[in-house]
Amino acid sequence: MTYQPPVRDFTFLLRDVLKIERYANLPAFADASIETVEAVLEEAGRICSEVLAPLNRVGDKEGCQWSPDFTVSTPTGFKAAYAQFVEGGWPGLGADPAFGGQGLPAVVNLAVSEMSSAANMAFAMYPGLTHGAYSAINNGGSPEQKQLYLPKLASGQWSGTMNLTEPHAGTDLGLLRTKAVPQGDGSYKISGQKIFISAGEHDLTENIVHLVLARIEGAPAGTKGISLFIVPKFLPDADGNPGARNAVKCLSLEEKMGIHGNATCVISHEEATGWLVGEENRGLPAMFVMMNEARIGVAVQGLAQAEAAYQEAAAYAKDRLQGRSLTGPKNPDGPADPIIVHPDVRRMLMEAKAIIEGGRALLLWTALHGDLAKGAADEPTRQKGEDYMALLTPVLKAFLTDRGFLIASDAMQVHGGAGFTEAVAASQHLRDSRIALIYEGANGVQALDLVGRKLAANGGRAVMTFFADIDAYVAAHDGDTVLKPFLEGLAQAKGELQEATMWLMQNGLANPDNAGAASTDYLHLFALTGLAFAWAQVAEAAQARIAAGETDPYYANKLITGRYYLTRVLPESGSRLAKLKAGAELMMTLPAEAF
């Protein structure tokens, strides 16, 4: 089947749930009327379904090809599709107009990112990483660096990467050995090897801008001695055009389970020329701008692969004839009923639909707070936006990728034996989605970040604000009979999350293993509560449309799907609370040699 971009869902969320037009006084939203946004999304959806989606299986089958001259060729059709993508101005959708971007809000850019990732995840990673490099340089680069690099990154003429991981140092960046030697002219010689570099070498752009973490000679040990450098594939000449080839080489490509259309490279820096971004020994804070943006991007990938897999499974379930309905034939003139009549098939599809639509609402709600963090007129709103972005980034990254993979697995199950073959797309969605649980910080690391850093930040201000916002929402809608089940479910989940938070405060400090053992369950409990909050807001907006006389079943179906979330998904919150309160003792007591 052909990927169907969920433009209507995005429009409903942006117009009715988030009401983005009320922010028209802010610069990023000045040109973001709902009519304009819908037109942008419609055209983006067309590009994704007609240009990118047909190349998804091509990229999976062909992969990228490495040559002995250290260059990499992308799969057939990728180069032409990328040229079309650039011509349409899509890489610069959310970039600053001062650097040639279109300046639309991040919440709109995120919607486009979901569609491109669902259509072709491997392809979408090229412009996605470029936007991350753009953000890092825009946040920490010098005026000269911004003028040189940002217009070309915003346009997609040049692409970007981040070079973090080394063979001996993955998550623990304090162990990295790549070194930087100052040259006396403002440049540095960068030497070291990096692995797992997505989009590290390819033929889509005329230059690749590597952002490289390295240690300047004499720098302190550990993470305190890491600096960030711009290391372009081709050194810009006096006019800012690609000049001499830098000493950066792609030594090989990784053989991967999925995302074959994206070049995952081993990169060698052999006294390559680079320039410092920001201050010496302050590389990690600068790189975290890109990493945090990438983590939201990976959350989008988890959601996007779930959506693509769900669409395939739903179409198959409506078409595949097998067995008869338990309540009597639904296709009496045919030899069997379509399998969508069977409750267990419905269970898998409904759970996918409830998580995808609730997750999309929570993602956009969070992205909107990111926009407000940058552009709101008052300090309290900006602070709240920053707090929510920090608090919810690990939650969204881990939960949506965990559940995205499970949804892709259920989608394969819906296909039965056909799903385990390459005749349908189910296996690609499953394989492509699996990496998202690992990169940009494995999901267990996201959970540790949440309980170890984000909860305690600023005296717990962010999580307390989150609790207060939920309480205020429930109180404001007290007496609404349609919303009553949504409010009751939300209030119960919030109470369980609050209890879990107090348990962590009391038991995590006394024994850090308790916090570590509870972290994943706590993160999922947080996400389940967040989705309940999102579903309540979606239900409110859908009911308002129905009350206004709207007869389109889309809105009634939203209420049904939301009720399914409350009754069949949200009860998991109670088991998450029970498991985290079990503590670390049994988990940590078994001796290592017994495993």
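About the thresholds
- Residues numbered from 1 in each chain as written.
- Predicted model: local features only at pLDDT ≥ 70, side-chain atom pairs only at ≥ 80, totals over all residues.
- Heavy atoms only, no water.
- Patch = residues over 30% accessible without salt bridge, like charges linked within 9 Å, V, L, I, M, F, W, Y side chains within 5 Å.
- Areas by Shrake-Rupley, 256 points an atom, 1.4 Å probe, with all protein chains shown as cover.
- Salt bridge = Lys/Arg side-chain N within 4 Å of Asp/Glu carboxyl O.
- Lys, Arg positive; Asp, Glu negative; His and termini not counted.
- Charge placed at Lys NZ, Arg CZ, Asp CG, Glu CD.
- Helix = DSSP H or I, 4+ residues; strand = E, 2+ residues; numbered from the N terminus.
- Phe/Tyr/Trp six-rings, centres within 6.5 Å; stacked < 30°, edge-to-face > 60°.
- Buried < 20%, exposed > 50% of the residue type's maximum accessible area, 1.4 Å probe, protein only.
- Lys NZ or Arg CZ within 6 Å of the ring centre and 35° of its normal.
- 1 Å grid on protein atoms, 1.4 Å probe; cavity = no way out; pocket = protein on both sides within 12 Å on 5 of 7 lines; lining within 4 Å.
- Points joined across faces, edges and corners; volume = space filled by probe spheres on them.
- Nonpolar A, V, L, I, M, F, W, Y, C, P; charged D, E, K, R; others polar.
- Expected span 1.5 Å × (residues − 1).
- Arc of directions from axis to C-beta.
- Contact = heavy atoms within 4.5 Å.

Asks: I'd like a rundown of a negative patch on the surface, residues and numbers included.
Replies: A grouping of Glu21, Glu35, Glu38 and Glu42 is seen on the molecular surface, where their side chains present a negatively charged patch. Along the chain, the position of glutamate 42 falls in helix α2 (residues 34-52).

Asks: So what's going on with the packing of aromatic side chains? Residues and values would help.
Replies: How two aromatic rings sit relative to each other is given by the distance of their centres and the angle of their planes. Under the defined criterion, the tally for this structure stands at 17 aromatic pairs. Ring centres of phenylalanine 85 and phenylalanine 123 lie 5.8 Å apart, and the angle between their planes is 80°; on these two criteria the pair is classed as edge-to-face. Residue phenylalanine 85 is found in helix α4 (residues 78-87), and its partner phenylalanine 123 is found in helix α6 (residues 121-140); the two are separated by 38 residues along the sequence. Both residues of the pair, phenylalanine 85 and phenylalanine 123, belong to the buried class. A network of ring pairs unites the aromatic residues Trp365, Tyr388, Phe466, Tyr473, Tyr522, Phe526 and Phe533 as a single cluster. It is arginine 8 that lies over the ring of tyrosine 554; its NZ or CZ is 4.3 Å from the centre. Looking at arginine 245, its charged tip hangs above the ring of phenylalanine 234, at a distance of 5.5 Å from the centre.

Asks: I'd like to hear about the layout of surface pockets, residue by residue, with values.
Replies: Approximately 700 Å³ is the volume attributed to the second largest pocket. Lining the second largest pocket are 23 residues, with Tyr310, Lys318, Lys353, Glu357 and Asn557 sitting closest to its centre. When residues of the lining of the second largest pocket are traced back to their parent elements, those giving at least two are α1 (7-17), α8 (283-319), α9 (343-375) and α16 (553-569). Per-element accounting of the lining of the second largest pocket gives the leading share, seven residues, to α9. A breakdown of the residues in the lining of the second largest pocket according to their chemical character gives 10 nonpolar, four polar and nine charged.

Asks: Any details on α9? Residues and values, ideally.
Replies: The end-to-end C-alpha separation of α9 is 47 Å, in line with the 48 Å expected for 33 residues at 1.5 Å each. The buried fraction of α9 amounts to 25 of the 33 residues, a majority that puts the element mostly inside the structure.

Asks: Tell me about helix α17 (residues 572-580), residues and numbers included.
Replies: Every buried residue belonging to α17 is among Glu572, Ser573, Arg576, Leu577 and Leu580, and all of these are buried. Projected down its long axis, α17 carries its buried residues within an arc of 140°, all on one side. Each element contacted by the buried residues of α17 is listed here: α10 (379-414), α14 (484-507), α15 (512-547) and α16.

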